[in-house]
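Fold and contact review
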Amino acid sequence: MEALRQIPPVNDVLRAEELAAFRDIVDQPFVTEILDNVLSETRRDLAQSKSPASRAELTSAIAGKVAHRIRESLEPSLRRVINASGVVLHTNLGRAPLPEGAIEHLHLVSAGYSNLEFDVQQGKRGKRDVHIDRILRQLVGCEAAIVVNNNAAAVLLVLNTLGEGGEVIVSRGEQIEIGDSFRIPEIMARSGARLREVGTTNRTRIKDYEKAINDNTRLLLRVHPSNFRMMGFTERPSLEEFVELGKRHNIPTFEDLGSGCVADPRSLGIADEPVAAGSIHAGIDVISFSGDKLLGGPQAGIIAGKKLYVEKIRQNPLFRALRVDKLTISVLEFVLRAYLRGKTEEIPVLRMLQASAADLKNRAESFARRVGGNAKPVELKSVVGGGSAPETYVPSWGVALDFPGFSDAELERRLRNSNPPVIVRLEEGRVVLDFRTIFTTDEDDLLANIRKITG
Ligand SMILES: *Cc1c(COP(=O)(O)O)cnc(C)c1O
């Protein structure tokens, strides 16, 4: 146990050069814990080691290890990454990047106090939904709207309010699972409503719904299949037939739109995505959609429709548990106003989807020149992601990297572990950087990372 005598006193470690930058935090409990851990690890190592280091060396090694762990603890866990995958709505990468203006508005509103639930004109308590309700009425033509945590929460809340204790009719072809374990039958079970399945996997007619209607029927549900498409021998009632059936039997209709496109999807190069205003216009009683899919805003679930039903949904005690905070409202309000002003280019998701192949080609070519001989511009196809338009591929351009001595898997791994991390696409055995999702302001960091890794 001779070696253990070499362990330096704690004060010597704390005074070591390696910890100079952390003098003002060495008393913090997390630092004490790191120090204790490193000291006991060192004791364990020394007990097994035959050749003890000098005390000075040991002090410096311990302090170095402690400094490294302090740095790790203080580094933000949630941080920026460069998305070179070309998937515009990448759920694992935070879905929609937010508009600059929305962040400014968020700062203005949440760094201090706000009128979140205060009616300034009347000088009395107000509702937090008013900030979103009016714009949505103008934007999608609904009578009323409220916002909850996400679209999964919105669906749960609507089913619970309008379906609990009774039956909700839904087509077998719409019993879908959206990535990340959102499954219609499971949400339905949690809502307290009984699922009444009609039709077959590929074909459901309006008559199938009609035959299933009985005294316990509370709601007719229609779900946008989002991330999958059926082809061939398929049938689904039109929106109009669906609405008409509800009206005739005096049963409310609810449509889970998933992405809830508010802009014209054709302007985004997407053909078959339903628009929120279309469903409202057709007469659907209640719709719900995500805030951070094609809308391009923060994570949120928007519930819009007839006042009678939206008001009922708002009265549900679950609404209080699922409501959003001022951060979400401030960002969402900005995004919705951008639509109202017709300034959709301020919304990054829409800007990326609208970027022309020619512009992306120019950017890819000049970036490839900056990298040098190991990069070449390539034509690509990007996907929208986020469960939107699964069959749609948007023509894109990017850069393929080929560095001798690096396998594609190795290059992918190194770029992912660089700072900021770069998430690439592997295509036909090569690493490609899709410029559709790379911000112009990412390019210098991207180049620096490539040089550092391969240089
Ligand atoms: C994405 C999606 C959901 C879940 O929305 P989140 O905002 O991710 O909670 C629900 N229904 C459909 C049809 C979807 O596409």
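Residues numbered from 1 in each chain as written. Predicted model: local features only at pLDDT ≥ 70, side-chain atom pairs only at ≥ 80, totals over all residues. Heavy atoms only, no water.

1. A look at the domain arrangement of the protein chain
Many authors give the size of an interface as the accessible area that is lost as the parts come together. Put simply, the test is: What fixes the domain bounds is an automatic or database domain assignment. Any two residues whose heavy atoms approach within 4.5 Å are treated as being in contact. Buried area adds together the accessible area that both of two parts lose upon being put together, with accessible area traced by a 1.4 Å probe. A pairing counts as a salt bridge when a side-chain nitrogen of Lys or Arg comes within 4 Å of a carboxyl oxygen of Asp or Glu. Counted as a polar contact is a pair of N or O atoms within 3.5 Å, where, for protein atoms, one must be capable of donating a hydrogen and the other of accepting one, and residues adjacent in sequence contribute only when both atoms are in side chains. Segments assigned H or I by DSSP are reported as helices when at least four residues long, segments assigned E as strands when at least two residues long, and all are numbered from the N terminus.
Looking at the protein chain, the domain boundaries give domain 1 (3-74), domain 2 (82-91 + 350-454) and domain 3 (100-346). Placing a centre on the C-alpha atoms of domain 2 and another on those of domain 3 gives a separation of 34 Å. Between domain 2 and domain 3, the residue contacts involve 13 residues of the former and 21 residues of the latter. Buried area between domain 2 and domain 3, summed over both chains or domains, comes out near 1400 Å², and the portion from carbon and sulfur atoms is 62%. One can count zero salt bridges joining domain 2 with domain 3. In this structure, the connection of domain 2 to domain 3 is made through one residue pair in polar contact (both at pLDDT 80 or more). Breaking the side of domain 2 that touches domain 3 down by element, the ones donating at least two residues are α14 (348-354) and β14 (388-401). Looking at the side of domain 2 that touches domain 3 element by element, the count peaks at five residues for β14.

2. Here we look at the packing of helix α6 (residues 151-163) against helix α7 (residues 184-191)
When two helices pack together, their arrangement is given by the angle between their axes and by how far apart the axes lie. We apply this condition: Inter-axis angles, ranging from 0 to 180 degrees, are taken between N-to-C directions of lines fitted to C-alpha atoms, where helices are fitted over the stretch in contact. These descriptions rest on fixed angle ranges, namely under 35 degrees for roughly parallel, over 145 for roughly antiparallel, 65 to 115 for roughly perpendicular, and the rest for oblique. Helix crossings fall into two classes, left-handed where the near helix is turned counterclockwise from the far one by less than a right angle and right-handed where it is turned clockwise. For this classification, the nonpolar set comprises Ala, Val, Leu, Ile, Met, Phe, Trp, Tyr, Cys and Pro, the charged set comprises Asp, Glu, Lys and Arg, and every other residue, Gly included, is treated as polar.
Close contact between α6 and α7 brings their axes to 8 Å; oriented N to C, the two are set at 50°. As the angle between them shows, α6 and α7 are arranged oblique. The crossing of α6 and α7 is right-handed. Across from Ala152, Val155, Leu156, Leu159 and Asn160 in α6, the residues of α7 making contact are Ile187, Met188, Arg190 and Ser191. A class-by-class count of the residues in the contact of α6 with α7 yields six nonpolar, two polar and one charged.

3. Here's the deal with the pairing of strand β9 (residues 217-223)
Defined as follows: Accessible area is worked out with a 1.4 Å probe on protein chains only. A residue is then buried under 20% of its type maximum, exposed over 50%, and partly exposed in between. For two strands to be treated as a pair, DSSP must find at least two bridges joining them.
Taking burial as the measure, the seven residues of β9 include six buried ones, the bulk of the element. Sheet topology places strand β5 (residues 167-171) next to β9; three bridges connect them, and they run parallel. Each bridged residue has a counterpart across the sheet, and for Ile169 the counterpart in β9 is Leu220. By the bridge criterion, four bridges tie β9 to strand β10 (residues 253-258) in an arrangement that is parallel. Its bridge partner lying in β10, Arg222 is registered against Glu255.

4. Let's talk about the site of the ligand
Definition in use: To be near a molecule or strand, a residue needs just one of its heavy atoms within 4 Å of it. Exposure was quantified through the Shrake-Rupley algorithm and a 1.4 Å probe, taking into account, for residues, occlusion by the shown protein chains and nothing else.
In the vicinity of the ligand lie 13 residues, with Ala152, Ser226, Asp256, Ser290 and Lys293 positioned nearest. Ala152 places a main-chain nitrogen or oxygen 2.9 Å from an oxygen atom of the ligand. Take Ser290: an N or O atom from its side chain is 2.6 Å from an oxygen atom of the ligand. Within the complex, the protein chains bury 94% of what would otherwise be the 380 Å² of accessible surface of the ligand. For the shell around the ligand, the class distribution of residues is four nonpolar, six polar and three charged.

5. Examining the packing of aromatic side chains
Put simply, the test is: Working definition: rings of Phe, Tyr and Trp (its six-membered ring) pair if their centres are within 6.5 Å, and the pair is stacked with planes under 30 degrees apart, edge-to-face with planes over 60 apart, and tilted otherwise. Comment: the charge-over-ring label is applied if NZ (Lys) or CZ (Arg) is within 6 Å of the ring centre and within 35 degrees of the ring normal.
Going through the model one piece at a time under the given rule, you end up with two aromatic pairs. The ring centre of Phe242 lies 5.6 Å from the NZ or CZ of Arg222, which sits over that ring. Above the face of the Phe334 ring, Arg341 is positioned so that its terminal group lies 5.9 Å from the ring centre.

6. Considerations on empty space enclosed by the protein
Going by this rule: A pocket, in this scheme, is an open set of points on a 1 Å grid over the protein atoms alone with protein on both sides within 12 Å along at least 5 of 7 lines, while a cavity is a set where a 1.4 Å probe fits but cannot get out; residues line either one if an atom lies within 4 Å of a point. Grid points are joined across faces, edges and corners, and a volume is the space filled by probe spheres set on the points.
Considering all chains together, one arrives at one cavity of 30 Å³ or more under this definition. What the largest cavity holds in volume is close to 50 Å³. Taken together, Arg128, Asp129, Ile132, Ala145, Ile146, Val147, Phe319, Arg323, Val324 and Ile329 make up the lining of the largest cavity. Per-element accounting of the lining of the largest cavity gives the leading share, three residues, to strand β4 (residues 144-148).

7. A few points about the packing of helix α2 (residues 29-48) against helix α3 (residues 55-74)
Closest axis-to-axis distance for the α2/α3 pair is 10 Å, and the angle between their directions is 140°. With respect to each other, α2 and α3 are oriented oblique. Like other packed secondary-structure pairs, α2 and α3 cross with a definite hand, here right-handed. Of the residues in α3, those touching α2 at Phe30, Val31, Ile34, Leu35, Asn37, Val38, Leu39, Glu41, Thr42, Asp45 and Leu46 are Leu58, Ile62, Lys65, Val66, Arg69, Ile70, Ser73 and Leu74. Looking at the contact of α2 with α3 residue by residue, the class counts come to twelve nonpolar, three polar and four charged.

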